[in-house]
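Examination of the molecular architecture
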Amino acid sequence: MDVLYFAWVRERIGHPKDRVETRAATVRDLVEELRAREDRYAAAFADLSALRVAVDQELSDFDAPLGEAREVAFFPPMTGG
Amino acid sequence: MDIRVQQEPFDLGAEANAFAARQAGMGAVVTFTGIVRDLEGDLDTMEIEHYPGMTEKALAEIADEAARRWRIGDALILHRYGRLKADDLIMMVATASRHRADAFQAAEFLMDYLKSRAPFWKKEVTDAGEGWVAARDEDEDALGRW
């Protein structure tokens, strides 16, 4: 699946997108796998309360099942308008 | 419904006139415009990032929800991304209805929802450095009134 990062999450990780092979059952499981990659991932995912997640471009939550999801995005709370 | 996410500037007067002109049987048009503020007098640029694909879908869903809740004949959401300067227009919404109450309320609803449910992020670049604009609790709380 594609894992996308926006705003300071993208800056902390250092790139906007990863292509990930995973069997993670939930968003939280995927986060654990990403955290284990490198320090910069652990730093980006240190505080999940500061993050929001979208699964296949729909706002979701960290306990959501990933199922057949093709795209997961992590970002801070949105500031439009 | 007219949803546009674009880098280019827009002409508020031309957009408002075109929106009003294409309404039939609508007695009221309400518009709102957001403008880049320079509160401390040191803003160099405001950079707006968004999530292409999800942004358009999220805005369309918000507009559809407004149309379910109020009797509006039409709505426009136009939001820019990229590098903006102080006093640049960031975004606008317009709503049309037979009577003004629906257009006013739908426009406020659109604004409240797109502030914290549409995937945009603002970064301020100033003489002192740069930083992402933090989401405000008041903006999240504002959703509670709908």
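In case you missed it, the structure is sitting above this.
Residues numbered from 1 in each chain as written. Chains lettered and ligands numbered in written order. Predicted model: local features only at pLDDT ≥ 70, side-chain atom pairs only at ≥ 80, totals over all residues. Heavy atoms only, no water.

A count of helical and extended segments in chain A gives three helices and five strands. In sequence order, the secondary structure elements of chain A are arranged as β-α-β-α-α-β-β-β. Here chain A has a C-alpha radius of gyration of 12 Å; the compact-globule value for 81 residues is 12 Å, and the two agree. When the backbone C-alpha atoms are referred to their principal axes, chain A occupies close to 30 × 30 × 20 Å. Going through the 81 residues of chain A one by one, you find that 51% of them count as buried. (Helix = DSSP H or I, 4+ residues; strand = E, 2+ residues; numbered from the N terminus. Rg over C-alpha atoms; globule rule 2.2 N^0.38 Å. Buried < 20%, exposed > 50% of the residue type's maximum accessible area, 1.4 Å probe, protein only.)

Take unusual backbone geometry next. Residue aspartate 56 of chain A is not a glycine yet carries a positive backbone phi of 50°. By secondary structure assignment, the location of aspartate 56 of chain A is in the loop between strand 3 (52–55) and strand 4 (58–60). Taking the relative accessible area as the measure of exposure, aspartate 56 of chain A reaches 32% and is therefore partly exposed. Backbone geometry places aspartate 87 of chain B, a non-glycine residue, at a positive phi of 75°.

As a further point, take a negative patch on the surface. Together, Asp56 and Glu58 of chain A together with Glu61 and Asp64 of chain B make up a region of like negative charge exposed at the surface. Judged by its relative accessible area of 39%, aspartate 64 of chain B is partly exposed. (Patch = residues over 30% accessible without salt bridge, like charges linked within 9 Å, V, L, I, M, F, W, Y side chains within 5 Å. Areas by Shrake-Rupley, 256 points an atom, 1.4 Å probe, with all protein chains shown as cover. Salt bridge = Lys/Arg side-chain N within 4 Å of Asp/Glu carboxyl O. Lys, Arg positive; Asp, Glu negative; His and termini not counted. Charge placed at Lys NZ, Arg CZ, Asp CG, Glu CD.)

All right, on to the packing of aromatic side chains then. Enumeration according to the criterion identifies 12 aromatic pairs over all chains in this entry. With a centroid separation of 4.6 Å and 35° between ring planes, the pair formed by phenylalanine 6 of chain A and tyrosine 51 of chain B is classed as tilted. On the criterion of chain membership, the pair formed by phenylalanine 6 of chain A in the loop between strand 1 (2–5) and helix 1 (7–13) and tyrosine 51 of chain B in the loop between strand 3 (43–50) and helix 2 (54–69) is interchain, its members lying in two chains. With a relative accessible area of 9%, phenylalanine 6 of chain A lands in the buried category. Counting every residue linked through ring pairs, the aromatic cluster contains Phe6 and Phe75 of chain A together with Tyr51 and Trp121 of chain B. A cation over a ring is seen here: arginine 37 of chain A above tyrosine 41 of chain A, with NZ or CZ 5.5 Å from the ring centre. (Phe/Tyr/Trp six-rings, centres within 6.5 Å; stacked < 30°, edge-to-face > 60°. Lys NZ or Arg CZ within 6 Å of the ring centre and 35° of its normal.)

Here the focus is the pairing of strand 8 (residues 129–132) of chain B. Residue and element names in this part refer to chain B. Bridge count between strand 7 (residues 120–126) and strand 8: four bridges; the pairing is antiparallel. When the bridges of strand 8 are listed, threonine 126 appears paired with glycine 129. Counting the residues that bridge the hairpin from strand 7 to strand 8 gives two residues. (Pairing = 2+ DSSP bridges.)

For the rest of this paragraph, the subject is the environment of arginine 70 of chain A. Residue and element names in this part refer to chain A. Among the secondary structure elements, arginine 70 is positioned in the loop between strand 4 and strand 5 (71–75). On the accessibility criterion, arginine 70 (67% relative accessible area) is exposed. If near-sequence neighbours (up to four positions away) are discounted, arginine 70 is found in contact with Met1, Asp2 and Asp56. (Contact = heavy atoms within 4.5 Å.)

As a further point, take the sheet that holds strand 5 of chain A. All names here are of chain A. In space, the five strands of this open sheet follow the order 2-1-5-3-4, with mixed pairing throughout. Edge positions in the open sheet fall to strand 2 (17–19) and strand 4, since each of these has one partner strand only. Averaged over all pairs of adjacent strands, the angle between their axes in this sheet comes to 25°, without regard to strand direction. Packing of helix 2 (residues 27–35) onto the sheet brings it into contact with strand 1, strand 3 and strand 5, and relative to strand 5 it is tilted by some 70°. (Axes fitted to C-alpha atoms, helices over the stretch in contact; angles between N-to-C directions.)

For the rest of this paragraph, the subject is the sheet that holds strand 3 of chain B. By way of backbone hydrogen bonds, the strands of a sheet pair with one another, either parallel or antiparallel. Residue and element names in this part refer to chain B. Strand order in the open sheet formed by four strands is 5-3-7-8, and the pairing between neighbours is antiparallel. On the outer flanks of this sheet lie strand 5 (82–84) and strand 8, each paired with one strand and no other. The sheet shows a mean angle of 20° between the axes of neighbouring strands, direction not considered. Pairing of strand 3 with strand 5 involves three bridges; the strand directions are antiparallel. Bridging from a neighbouring strand, glutamate 47 pairs with arginine 83 of strand 5.

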